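Residue-level structural notes
Listed here are the chains, written in short residue letters.
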Amino acid sequence: MAETLDIDLQAVLDSVLERGLKHMGPGKVAAYIPALARVPAEKLAIAVSCVDGREAFAGDAEEPFSIQSVSKLFTLLMAMKLRDRALWKRVGREPSGNPFNSLVQLEYEKGVPRNPFINAGAHVTTDCIVTDNDDPKQAILEQFRALSGNDSIQFDLEVAASERDHGHWNAAIANFLKANGNLESPVDDVLDAYFHQCSIAMSCRDLARAGLFLSNRGVDVRTGKRIATERKTRRINALMATCGLYDAVGSFAFHVGIPAKSGVGGGIIGVVPGEMTVAVWSPALDANGNSYAGVKMLEAFTNTIGRSIY
Ligand code: DON
């Protein structure tokens, strides 16, 4: 196995991007809202941020895109800090084996979502933030800004409005949670915060920086500040490894081998514990809602540098 310090990161990313280019064909850009359907399918990016301070980028790595469900990783962190063990009475820690927006599973399991990364679970974590903050949307935005060191990160208000206008399925999930006593705040407040967190626009560079504490035992490399305890950090990484790519998580573990979290904007963030965080973006998705070329790039990346947590 190569030592991180020996790797010419830029050369690796350049070749991984080339590999991504070869896999641009099969996927389809998310079309459930017009604001996402418009994103050009040919965008392609990768960024790496290392615990030793090194960074490298390739492709459209500085262009912001809609992070969508990648946001669930960061709202989970906030909810874990707010509620500690009590959170786990309201949300499970098992892979769902079902689509990320499944309603049927929620009914079988009496309103306790399988994990914090399916939509229902994310509504619960967002509910904790809504209940405990006067301005929850701002609190969420501030966390992204602080972790990435980029104060210009914003909500994409067109995406947020589009999510709301086409948000009937999420409204059904949130109402079902409420009917089961698993939402504390009003449904509309939780949905508003959820649609806004999904709309946050960040680049791969921002995402790799924001997630770097997960590779560094919970400590922000840039500021030296502790973001999460070592235990919480391990647990977040474990949830990414087991639930981060929904019902494609087994195949992702098999081929890529690192904890990761995807979003239907085509972004995926991955963690190589102790070494680096990697973010990729390619908007065209596979049948499970994960970036098609993004998964291929991550596979090429971990195989090239010889890393896997397994
Ligand atoms: O709530 C939704 O369905 C979308 N705004 C986000 C879904 C998402 O990114 C799922 N991840 N792959």
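Everything discussed here concerns the structure shown above.
A few words now on the layout of surface pockets. Empty space within the largest pocket amounts to approximately 380 Å³. Lining the largest pocket are 24 residues, and of these Tyr-32, Phe-100, Asn-101, Asn-119 and Val-264 lie nearest its centre. Elements represented by at least two residues in the lining of the largest pocket include exactly helix H8 (168-179) and helix H9 (187-199). The greatest single-element share of the lining of the largest pocket, amounting to 3 residues, is contributed by H9. Taken together, the residues that form the lining of the largest pocket break down as 12 nonpolar, 9 polar and 3 charged.

Moving on, we come to the side chain of Ser-49. You can see Ser-49 is positioned in strand S2 (residues 45-50). Engagement of the side chain of Ser-49 in a polar contact is seen with the side chain of Glu-55, the distance being 2.9 Å. Here Ser-49 is in contact with Arg-54, Glu-55, Ala-208, Arg-209, Leu-212, Glu-275, Met-276 and Thr-277, once residues within four sequence places are set aside.

In a soluble, globular protein the nonpolar side chains are often hidden away together inside. Of all hydrophobic cores here, the largest spans 61 residues; its most connected members are Phe-74, Leu-87, Ile-200 and Leu-207. At 7 residues, helix H3 (residues 71-83) tops the list of elements feeding residues into this core. Beyond its immediate sequence surroundings of up to four residues, Leu-207 is in contact with Phe-65, Ile-67, Val-70, Phe-74, Met-202, Ile-269 and Ala-279. Core analysis: the second largest hydrophobic core is formed by 30 residues, Met-276, Val-280, Ala-293 and Phe-301 among them.

Conventions used here
Every chain begins its residue count from 1, and numbering advances along the sequence as written. Confidence filtering applies because this is a predicted model: local features only for residues at pLDDT of at least 70, side-chain atom pairs given and counted only at 80 or more, and all residues used for totals across whole chains, interfaces and linings. Just so you know, side-chain values use all the structure's heavy atoms and leave hydrogens and water out. Using a 1 Å grid laid over the protein atoms alone, points where a 1.4 Å probe fits but cannot get out form a cavity; open sets with protein on both sides within 12 Å along at least 5 of 7 lines form a pocket; any residue with an atom within 4 Å of a point counts as lining. Grid points are joined across faces, edges and corners, and a volume is the space filled by probe spheres set on the points. Where helices and strands are cited, they refer to DSSP runs of H or I of at least four residues and of E of at least two residues respectively, numbered from the N terminus. Gly falls in the polar group here, along with every residue not listed as nonpolar (Ala, Val, Leu, Ile, Met, Phe, Trp, Tyr, Cys, Pro) or charged (Asp, Glu, Lys, Arg). Polar contact is the term for a pair of N or O atoms within 3.5 Å; when the atoms are in protein, one must be able to donate a hydrogen and the other to accept it, and sequence-neighboring residues count only if both atoms are side-chain atoms. Contacts: residue pairs with any heavy atoms within 4.5 Å of one another. The nonpolar core is taken to be a set of buried Ala, Val, Leu, Ile, Met, Phe, Trp, Tyr and Cys residues, with the residues joined through side-chain atoms within 4.5 Å. Remark: exposure states derive from per-residue accessible area (1.4 Å probe, protein chains only) relative to the maximum for the residue type, with buried under 20%, exposed over 50%, and partly exposed in between.

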